[in-house]
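Each chain, letter by letter, is given below.
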Amino acid sequence: MKSEQHVAVVRPRTRGTERSVARRAELLAIGRRLFADTSYDALSMDDIARQAQVAKGLIYYYFRSKRGYYLAIIEDSVADLVTHAASGVELPPEDRVHRTLDSYLRYAEHNQAAYRAIVSGGVGFDAEVHAVRDGVREAIVATIAEGAYGRTDISPLARMGLLAWVCSVEGAALDWTGRPGLSRDTMRELLVKTLGGALRAIEELDPAHPAPRAARREG
């Protein structure tokens, strides 16, 4: 999911590669903190360099531009979420869904500016941020499909039903982070129950994709 053109402006020479990789990772970690609740437009490259306590040229060296740095930060931060969503196959399906949603909500809560950028598409119409968002969506759809149906090669109708649910989760999480009132546990349980409704609707329209027992018990 990472965009090759934003990995580095100049590929580090073989000598010193480990140090370069570590330095880049350090800059990404700093950026994740800076952009966690600060919008893209609110930080200049001078601000970033000053708060990171590095020369501005170093950021340009690794990321070419402020936008390149920002995209790399978003890609790096959501990679953890996608990896977590795709893991845990040894867990019971219901537990895996709960863990995936908890991780998703935790990310939205602690990376509000980045989350808003991903859901809204970034700065203007940003195709690369859209690609990051689409990758997260597909990872979650695949996780839910695997848990509900034991496979990811589901019908177009089933996929659309799960995708519609994921998109509703995006909007709800966006509102939730901007309007505190529900705990993360309560929000997670609410989303799990709406997923049950989506799975039952899919079964009604496509009997080849029966809702799992946990979803049936909600009815």
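Every chain is numbered independently, its residues counted from 1 as its sequence is written. Since the coordinates come from a predicted model, pLDDT governs what is reported: local features require at least 70, and pairs of side-chain atoms require 80 or more to be given and counted, while whole-chain, interface and lining totals use all residues. Water and hydrogen atoms were dropped before computing side-chain values, which therefore reflect all heavy atoms in the structure.

*Asks:* Teacher, can you tell me more about the pattern of salt bridges here?
*Replies:* Proximity of charged atoms lets side chains of opposite charge pair with each other. What makes a salt bridge here is a side-chain nitrogen of Lys or Arg within 4 Å of a carboxyl oxygen of Asp or Glu, nothing more. Scanning all chains against the criterion turns up 16 salt bridges. Note that D102 is salt-bridged to R106, the shortest N-O span being 3.1 Å. Taken together, the residues D102 and R106, both in helix α5 (residues 93-110) and 4 residues apart, mark about one turn of the helix. Burial classes: relative accessible area under 20% of the type maximum marks a residue as buried, over 50% as exposed, and values in between as partly exposed (1.4 Å probe, protein chains only). The class of D102 is buried, set by a relative accessible area of 14%. Among the ionic pairs, E138 bridges to R159, the shortest N-O distance being 2.5 Å. Starting at the N terminus, helices and strands are each numbered in turn, a helix being any DSSP run of H or I of at least four residues and a strand any DSSP run of E of at least two.

*Asks:* Got a minute to help me understand the nonpolar core in this structure?
*Replies:* Definition of nonpolar core: a set of buried residues of the types Ala, Val, Leu, Ile, Met, Phe, Trp, Tyr and Cys, connected through side-chain atoms within 4.5 Å. With 62 residues, the main nonpolar core has Y69, I74, L162 and W165 as its most contacted residues. Among the elements that take part in this core, helix α7 (residues 127-149) stands out by supplying 10 residues, more than any other. Residue contacts follow a heavy-atom distance rule, with two residues in contact if any of their heavy atoms lie within 4.5 Å. In contact with W165, not counting residues within four places along its chain, are L101, I140, I144, L191, T194, L195 and A198.

*Asks:* Quick question: what am I supposed to make of the packing of aromatic side chains here?
*Replies:* The geometry of two aromatic rings is summed up by the distance between their centres and the angle between their planes. Only Phe, Tyr and Trp rings are paired, with Trp represented by its six-membered ring, and only when their centres lie within 6.5 Å; those with planes under 30 degrees apart are stacked, over 60 edge-to-face, the remainder tilted. Across all of its chains, the model carries 5 aromatic pairs by this definition. Where F63 meets Y69, the ring centres are 4.9 Å apart and the plane angle is 45°; that geometry is what we call tilted. Ring-pair connections join several aromatic residues into one group, and the members of that group are Y61, Y62, F63 and Y69.

Read these as layout, nothing more, since geometry by itself doesn't imply function.
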